[in-house]
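Secondary and tertiary structure notes
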Amino acid sequence: MEPNPPRPSSRRARATVVAAFLALGASALTACGSSGGGDGSAGAGKGPTTQVADATGAKVDVPASPRRVVTLSEMDLDSALALGVRPVGLTAGRGQKGAPAYLADRAKGIPVVGAVTGPDVEKVVQAKPDVILAGQLADKQVLQQLRRIAPTVVTVDKTKNWKKSLEITGRVLGKSDAAEKFLTGYGTKVAALKKDLGAEAGAKVSVARYSAKGTNVIQQGVFISDVLKDIGFARPGIQARKGEGHSTPISEENLKEIDGDWLFIGTLDPGTTRDSLLDKLAGKPAYQQLDAVRDKHATVTDGSKWTSLGGAEAAVSVLDDIRKAMVK
C-alpha cells in the first residue's frame, strides 16, 4: 500500500513554520539596523558595513568583518576555506552527503543547510548568518527569502571562473589581500609545474567523468578546463570547444574522439579505487582503443574536485594531481 500523502493541514503548518523563521530573522536584522544595499538586502547587522558588487553587478552592503558565513555552493565553501574563514553552514557537494570529498576533513562538523539543488531556508535561518554567499543561485524567489535573513551575495557569474569568484568572496569577507596572495601563489605553482613537465607541457589532455550511466566529457567553460588552459595543455576533439552544459555525454562508440596523450577520469563514488576503475575500463573494448589507456597514461581522480564546480583549493590540488601523474 502506498504511503498516505501529506495532509493539507501538514503542508500549511510547514509553510507557517518557514514564514515564522523568516519573520524572526528579518525582525532580528531590522533591530540591528538596515543596509542601503541597492538590491534590497536585509540588514548587515551591528557595526560598520561595506558595499560590494556581486557577480551580477548588484550592490550589496555587507558587514565589514563578517563572523557567521553561510556558503551555498561548492565554490563558496572552497573560497571561504582558502581565505581562512570557516563557514557556519554549507551545502552538500555534487554526489556527496556533505562537503566535497577534497574538503571533507577541513569542513568536518559544519552543518549542512542544503544541496546543489538549492538551500533549505529553515536551516539557513538556524545557522544565524550575518552574510550568505549564494554561489550561482539565480532563483529570484529564493534569493528574496535569503535576503530577508542576511545580506546575500551571488559570487559565481556565467563564466563560473573560480578566480573571479575568489576575488568577490575576498571583498565580501574582508580578505581581499588574502585572495590576491592566493592567486599569486597559484600562478607561481603553475609556472613551476609547466617547467617541470618538460616535453609534456604541450600534451593533449582529456578529462571525463565516469558513472554507472556512462562517460561524460568535460568541454570548455568550466573549472577544470580553465586550470588546464592555465598550464597550456591542448584538449582533443570536442573538448576544445565550449559545451552546452557542465559535461557532455559521449557514447562508447565515439570514445576515440576524446583520446589524448593523457586521460584523467573523475568519479564521485568514494568507494571506487583507482585500480578497480582502471581495470574495469581497460576491460571495455572502447577504452582499449585509447592510446592513453594503452600507454598507462590514464588516471582516476576525485570527481568532487576535478569534474564539479571547483574553486581555489581545488585548483591547487589539481596541480598536485597532475604533477604526481605526469612529472617523472
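Note that the structure is a prediction, hence the values are computed from the model and not measured.

Rules behind the numbers
Residues numbered from 1 in each chain as written. Predicted model: local features only at pLDDT ≥ 70, side-chain atom pairs only at ≥ 80, totals over all residues. Heavy atoms only, no water. Buried < 20%, exposed > 50% of the residue type's maximum accessible area, 1.4 Å probe, protein only. Helix = DSSP H or I, 4+ residues; strand = E, 2+ residues; numbered from the N terminus. Pairing = 2+ DSSP bridges. Polar contact = N/O pair within 3.5 Å; in protein donor to acceptor, adjacent residues only side chain to side chain. Contact = heavy atoms within 4.5 Å.

What about the pairing of strand 13 (residues 298–302)?
Counted residue by residue, strand 13 has 4 buried out of 5 residues, so it is predominantly covered. Of the pairings in the sheet, the one linking strand 12 (residues 262–267) to strand 13 comprises 5 bridges and is parallel in character. Bridged to isoleucine 265 within strand 13 is valine 300.

Description of the sheet that holds strand 8 (residues 152–153)
Across the sheet, 6 strands lie side by side as 6-5-4-3-7-8; this open sheet has mixed pairing. Edge positions in the open sheet fall to strand 6 (118–119) and strand 8, since each of these has one partner strand only. Where strand 3 (residues 69–71) and strand 7 (residues 131–133) come together, 3 bridges link them in parallel fashion. Within strand 7, the position partnered with valine 69 by the bridge is valine 131.

Concerning the side chain of serine 308
Counting through the fold element by element, serine 308 comes out in the loop between helix 11 (303–306) and helix 12 (312–326). You can call serine 308 buried: its relative accessible area is 2%. Looking at serine 308, its side chain comes within polar contact range of the main-chain oxygen of glycine 303, at 3.1 Å. Excluding residues within four positions of it along the chain, serine 308 makes contact with Glu74, Arg94, Arg209, Phe223, His246, Leu268 and Gly303.

Quick look at the pairing of strand 12
In terms of burial, strand 12 is largely enclosed, as 6 of its 6 residues are buried. Alternating residues of strand 12 divide into Trp262, Phe264 and Gly266 and Leu263, Ile265 and Thr267, and every residue in both groups is buried. In this structure, strand 9 (residues 205–211) lies alongside strand 12, joined through 5 bridges in parallel fashion. Within strand 12, the residue paired with arginine 209 across the bridge is glycine 266.

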